[in-house]
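# Geometric and topological summary
For reference, the chains in residue letters:
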Amino acid sequence: MLGKVNHIAIAVPDMAAATATYRDTLGAKVSPPQALPEHGVTVVFVELPNTKVELLEPLGDASPISTFLEKSPAGGMHHICYEVDDIVAARDRLAANGARVLGDGNPKIGAHGKPVLFLHPKDFFGTLVELEEV
Ligand SMILES: CC[C@H](C(=O)O)C(=O)SCCNC(=O)CCNC(=O)[C@H](O)C(C)(C)COP(=O)(O)OP(=O)(O)OC[C@H]1O[C@@H](n2cnc3c(N)ncnc32)[C@H](O)[C@@H]1OP(=O)(O)O
Ligand SMILES: [Co+2]
């Protein structure tokens, strides 16, 4: 079911500072910021040879990452995104195995314009899992 790691996400309190660190200190190629109001975040992608890092900053006052940053004000690893070739089949298989699919259970369009779903961290060893259909 699982394909490649599409991205590893890091929640950050200050997107400009985080982007500058990845670009200037780490010498990485970074994307322009992308506001995703429907997801309550602004994202920047750090392009790597084998995957991407997704920097996340809260957007709006109902961001799903605000509580996370309250608990970890300096930021932290937020989620891992695996690629799947059929997100509905993956969802149905996961639900049949008792995994909690977050939200209303239907895929939403993510930062890459592809359908994504999130799985509860408590079902995956304290790690928030995102699936992206590619
Ligand atoms: C889709 C656009 C983009 C893309 O890649 O295309 C993105 O990735 S957007 C990313 C932002 N969106 C989301 O994260 C949506 C899914 N997330 C959620 O629905 C919430 O963040 C949720 C439910 C995972 C946690 O919400 P919240 O923190 O408000 O709830 P709790 O405080 O009750 O947390 C419950 C429990 O889970 C632990 N927790 C929370 N977040 C994480 C995390 N990222 N990794 C690991 N564990 C997490 C939290 O500490 C609580 O644990 P407890 O022991 O009960 O204190
Ligand atoms: Co993501």
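Keep in mind that this is a model prediction, so the values were computed, not measured. (Residues numbered from 1 in each chain as written. Chains lettered and ligands numbered in written order. Predicted model: local features only at pLDDT ≥ 70, side-chain atom pairs only at ≥ 80, totals over all residues. Heavy atoms only, no water.)

## Some details on the coordination of the cobalt ion (ligand 2)
Summarising the metal site, the cobalt ion (ligand 2) is bound by the protein donors H7 (NE2), E54 (OE), H79 (NE2) and E130 (OE), whose distances to it range over 2.1 to 2.5 Å. All donors of the cobalt ion (ligand 2) come from a single chain, and their spacing in sequence reads H-x46-E-x24-H-x50-E. Placement of the pair is E54 in strand β5 (residues 52-58) and E130 in strand β9 (residues 128-133), with a sequence separation of 76 residues. What makes E54 buried here is its relative accessible area of 5%. For E130, a relative accessible area of 5% gives the class buried. (Donors = N, O, S within 2.8 Å, 3.2 Å for Na, K, Ca; no water. Helix = DSSP H or I, 4+ residues; strand = E, 2+ residues; numbered from the N terminus. Buried < 20%, exposed > 50% of the residue type's maximum accessible area, 1.4 Å probe, protein only.)

## Describing the UniProt feature "domain: VOC" (unreviewed entry) in the protein chain
UniProt feature "domain: VOC" (unreviewed entry): in the numbering of this structure it lies at residues 4-134. A distance of 10 Å separates the end C-alpha atoms of residues 4-134, which is 21% helix and 37% strand. (UniProt positions renumbered as here; feature names shortened; annotations may be inferred.)

## What about the site of ligand 1?
For ligand 1, the set of nearby residues contains 23 residues, the closest of which are E54, H78, A111, K122 and E130. In the environment of ligand 1, an oxygen atom lies 3.0 Å from a nitrogen or oxygen atom belonging to the side chain of H79. In the model, an oxygen atom of ligand 1 is placed 2.8 Å from a nitrogen or oxygen of the A111 main chain. With the chains in place, 71% of the 1,100 Å² that ligand 1 exposes on its own is no longer accessible. Among the secondary structure elements, those contributing two or more residues to the shell around ligand 1 are β5, α2 (66-71), β6 (76-84), β8 (115-119) and β9. At three residues, α2 tops the list of elements feeding residues into the shell around ligand 1. Among the residues making up the shell around ligand 1, the classes are represented as twelve nonpolar, seven polar and four charged. (Near = heavy atom within 4 Å. Polar contact = N/O pair within 3.5 Å; in protein donor to acceptor, adjacent residues only side chain to side chain. Areas by Shrake-Rupley, 256 points an atom, 1.4 Å probe, with all protein chains shown as cover. Nonpolar A, V, L, I, M, F, W, Y, C, P; charged D, E, K, R; others polar.)

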